[in-house]
Amino acid sequence: MSATATTLAPKERLEGLFDELAELTGQRNAIDSRIVEIAAEIERDQLAGLTGARSVAALMAWKTGVTARNAETVVAIARRLDEFPQCVQGMREGRLSLDQVG
């Protein structure tokens, strides 16, 4: 624990931790958006077959280490990117999560 953290009041420390959580969550949302875009490209160009994976969702689960259910969400969003441009933009900007859009 840093010296600064020990000198702050508990409420101030908690606010700082919440600020950091918000920043990290936004970054994660933006990363998830890029993962969705990659899944869309792999599916569109039919590249999954080159890997031996039985589906794009299986490929995404394998390569990203997420659960099968989360990989299915990634692919579901990837398949509908053009239908929901505002949602996709919200993910890119870190405002919307994979779960919210899925």
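One can find the structure itself at the top, above this paragraph.
Residues numbered from 1 in each chain as written. Predicted model: local features only at pLDDT ≥ 70, side-chain atom pairs only at ≥ 80, totals over all residues. Heavy atoms only, no water.

A.B. asks: Is there a simple way to explain the nonpolar core in this structure?
C.D. replies: Nonpolar side chains in soluble globular proteins generally cluster together in the buried interior. One finds Val36, Val56 and Met60 to be the most contacted residues of the largest nonpolar core, which totals 19 residues. Of all the elements in the fold, those that place two or more residues in this core are helix H2 (10-44), helix H3 (56-64), helix H4 (68-79) and helix H5 (85-92). In this structure Val36 touches Val74, Ile77, Ala78, Leu81, Met91 and Leu98, once residues within four positions along its chain are discounted. (Core = buried A, V, L, I, M, F, W, Y, C linked by side-chain atoms within 4.5 Å. Buried < 20%, exposed > 50% of the residue type's maximum accessible area, 1.4 Å probe, protein only. Helix = DSSP H or I, 4+ residues; strand = E, 2+ residues; numbered from the N terminus. Contact = heavy atoms within 4.5 Å.)

A.B. asks: What is the right way to read the packing of H2 against H3 from this model?
C.D. replies: Each packed pair of helices is defined by two parameters, the angle between the axes and the distance between the axes. The N-to-C vectors of H2 and H3 enclose an angle of 135°; their axes lie 10 Å apart at closest approach. The angle between the axes of H2 and H3 places the two elements in the oblique class. Two packed elements cross with a definite hand, and for H2 against H3 that hand is right-handed. The residues of H3 that touch H2, namely those facing Ile35, Ala39, Ile42 and Glu43, are Val56, Leu59, Met60 and Thr64. (Axes fitted to C-alpha atoms, helices over the stretch in contact; angles between N-to-C directions. Parallel < 35°, antiparallel > 145°, perpendicular 65-115°, else oblique. Left-handed = near helix turned anticlockwise from the far one by under 90°.)

A.B. asks: Help me out: how do you make sense of the environment of Met60 in this one?
C.D. replies: Relative to the assigned elements, Met60 resides in helix H3. Assessed through its relative accessible area of 5%, Met60 is described here as buried. Taking the C-alpha atoms as reference points, Met60 and Asp19, separated by 41 residues in sequence, lie 30 Å from one another. Leave out the neighbours within four places in its chain, and Met60 touches Ile35, Ala39, Ile42, Gly65, Val66, Ala71, Val74 and Val75.

A.B. asks: What's the story with the pattern of salt bridges in this structure? I'm lost.
C.D. replies: If charged atoms from side chains of opposite charge come close, those side chains can pair. For the structure on display, the rule yields 7 salt bridges. Among the salt bridges present, the one from Arg44 reaches Asp45, with a minimum N-O distance of 3.1 Å. For Arg44, a relative accessible area of 57% puts it in the exposed group. Between Glu72 and Arg69 there is a salt bridge, and its shortest N-O distance comes to 3.4 Å. Of this pair, Glu72 and Arg69 both sit in helix H4, 3 residues apart, which is roughly one turn of the helix. Beyond isolated ion pairs, a larger network of salt bridges with shared partners links Arg34, Glu37 and Arg92. (Salt bridge = Lys/Arg side-chain N within 4 Å of Asp/Glu carboxyl O.)

A.B. asks: Help me understand H3 in this model?
C.D. replies: Note on helix geometry: an α-helix contains 3.6 residues per turn, so any two residues three or four positions apart are oriented the same way. If you check which residues of H3 are buried, you get Val56, Ala57, Ala58, Leu59, Met60 and Ala61. Looking one or two places after H3, you find Gly65, whose phi comes out positive at around 75°.

A.B. asks: Sorry, what's going on with the side chain of Asp32 here?
C.D. replies: Topologically, Asp32 is positioned in helix H2. The charged side chain of Asp32 is buried without a salt bridge, its nearest counter-charge being Arg28 at 4.9 Å. Once residues within four sequence positions are removed from consideration, Asp32 is found in contact with Met91 and Leu98. (Lys, Arg positive; Asp, Glu negative; His and termini not counted.)

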